[in-house]
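So you can see what is in the structure, the chains are spelled out below.
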Amino acid sequence: MPAPEYLYGMTADELQQLCTAADMPRFAAGQVARWLYGRHIEDPLCMSDLALRHRQLLARRFTPALSPPIRSWESSDGTKKYLFRTLCGDFVESAFIPDGDRATLCVSSQAGCRMGCKFCATGRQGLQHSLLAVEILNQIVSLPERERLTNLVFMGMGEPLDNLDNVLRTLSVITEPWGFGWSPTRVTVSTAGVVPQLRRFLDATNVHLAVSLHNPFPEERVAIMPVERAWPIAQVAAILRDYDFTHQRRVSFEYIVLAGLNDSPRHIRGLCRLLDGVKCRINLIRFHRIPGSPYYSPDEAAMIRFRDALTARGIQTTIRASRGEDIQAACGLLSTSQERKD
């Protein structure tokens, strides 16, 4: 049988090509886009301003794909974790994080991940499959709190640059006027440093970038992040020096602080050397424990000392507030649990 086709997640160019091939008027692409991304209606038979024969043609060809989360959990701090079933039957997570007037959704780009980071529950799953654009977008449009969202971060399960075609398609839908019309400054994409795709991502988008760093020394970073062996963090830093992050777009480096492993004065000096010439900030992150992990976070005083030492050396550094630990908000914990139950 032919593979299912999904209308939701198509870009303006793809919709235009579709309408041309179907002998529909040129303006029909804009009509379809408004139904999809303005009203979040994917059933062509409901698109009442299209000719009936065109609605029927599209309905015969395209399969509905949007679906609500199958489970949710709420933390004592207001963070909510949602579990979605993918079109292939696997599981992905997203986390809704309210903070005053700001409400951020952390979305997944893959079911599982092949990067194998030692501190990450998702990495233990391996890669089941990369998500289609509609599966990424479904985490946004099927969210009960959709209308409250102010920001979006691609920091859930998976490596976004390992699924770049679908991530770029998703970003087009989110940021273009024919789609959701969000400002790119509301969106951040995280990467462990997939060098072959990094320039393409930077050239194709204006969204923020977050790089998972976690150790400035190659021989130590490779022990917790195998990606270092293929694409050293020094190469990532060298690429970033070629781009302007002084205006609306920014780059940040994510740094999970692991007590006794990457929190010494030597690591502070290494970070300063590595990031010299890159206009950036560092986000220090407390480690959320995962079962069987040997890692743990230093105490609050040590986190503050580490932050202040970096700030004193001219690198803007913040400590990210820890959210949702009581509902296993760290990426991959809930989907791993569900996979085991199934």
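Only a predicted model underlies this, so the values are computations on that prediction, with no experimental measurement involved.

*Asks:* In this structure, what is going on with the overall build of the chain? I would like to understand it.
*Replies:* Counting its secondary structure elements, the chain contains 13 helices and 12 strands. What you see for the chain is a C-alpha radius of gyration of 21 Å, in line with the 20 Å of a compact globule of 342 residues. Overall, the chain is about 70 × 45 × 40 Å in size when its C-alpha atoms are taken along their principal axes. In the chain, buried positions account for 54% of the 342 residues. In the chain, once contacts between residues fewer than 6 apart in sequence are set aside, the share between residues at least 24 apart is 68%.

*Asks:* Could you clarify how one ought to interpret the nonpolar core in this entry?
*Replies:* Soluble, globular proteins show a tendency: their nonpolar side chains are buried together. Residues F154, F180, F201, L240 and F253 are the most contacted members of the largest nonpolar core, which totals 84 residues. Here this core gets seven residues from one element, more than from any other, and that element is helix α2 (residues 28–38). Residues within four places of F201 in sequence aside, it is in contact with L161, L164, L168, L171, V189, V207, H208, L209 and R249. M225, I256, I285 and F287 belong to the second largest nonpolar core, which has 15 residues in total.

*Asks:* What is the right way to read the sheet that holds strand β1 (residues 71–74) from this model?
*Replies:* In sheet architecture, strand pairing relies on hydrogen bonds along the backbone and comes in two forms, parallel and antiparallel. Here we have 10 strands laid out as an open sheet, ordered β1-β2-β3-β4-β7-β8-β9-β10-β11-β12, and mixed in their pairing. In this open sheet, the two strands that pair with only one neighbour each are β1 and β12 (316–319). Shown here is a sheet whose adjacent strand axes are inclined to one another by a mean of 20 degrees, direction ignored. Strand direction decides the pairing type here: strand β10 (residues 251–257) and strand β11 (residues 281–286), joined by six bridges, are parallel. The residue bridging I256 from the neighbouring strand is I285, located in β11. Together, β2 (80–85), β3 (91–99), β4 (102–106) and β7 (151–154) form the strand contacts of helix α5 (residues 133–141), whose direction differs from that of β3 by roughly 35 degrees.

*Asks:* So what exactly am I meant to see when it comes to the packing of aromatic side chains here?
*Replies:* Aromatic ring pairs are reported here in terms of the distance separating the ring centres and the angle at which the planes meet. Counted under the stated rule, the structure contains five aromatic pairs. Look at Y255 and F306: their rings are 5.7 Å apart centre to centre, the planes differ by 25 degrees, and that puts the pair in the stacked class. Of this pair, Y255 sits in strand β10 while F306 sits in helix α12 (residues 300–312), placing them 51 residues apart in sequence. In this structure F306 comes out as buried when scored by relative accessible area, which is 4%. Ring centres of F287 and Y295 lie 6.1 Å apart, and the angle between their planes is 85 degrees; this geometry places the pair in the edge-to-face category. Y295 shares its class with F287; the two are buried. Through pairs of rings, three or more aromatic residues link up here, namely Y8, Y37, W178 and F180. Positioned above the aromatic ring of W35, the side-chain terminus of R39 is 4.0 Å from the ring centre.

The rules behind the values
- Residues numbered from 1 in each chain as written.
- Predicted model: local features only at pLDDT ≥ 70, side-chain atom pairs only at ≥ 80, totals over all residues.
- Heavy atoms only, no water.
- Helix = DSSP H or I, 4+ residues; strand = E, 2+ residues; numbered from the N terminus.
- Rg over C-alpha atoms; globule rule 2.2 N^0.38 Å.
- Buried < 20%, exposed > 50% of the residue type's maximum accessible area, 1.4 Å probe, protein only.
- Contact = heavy atoms within 4.5 Å.
- Core = buried A, V, L, I, M, F, W, Y, C linked by side-chain atoms within 4.5 Å.
- Pairing = 2+ DSSP bridges.
- Axes fitted to C-alpha atoms, helices over the stretch in contact; angles between N-to-C directions.
- Phe/Tyr/Trp six-rings, centres within 6.5 Å; stacked < 30°, edge-to-face > 60°.
- Lys NZ or Arg CZ within 6 Å of the ring centre and 35° of its normal.

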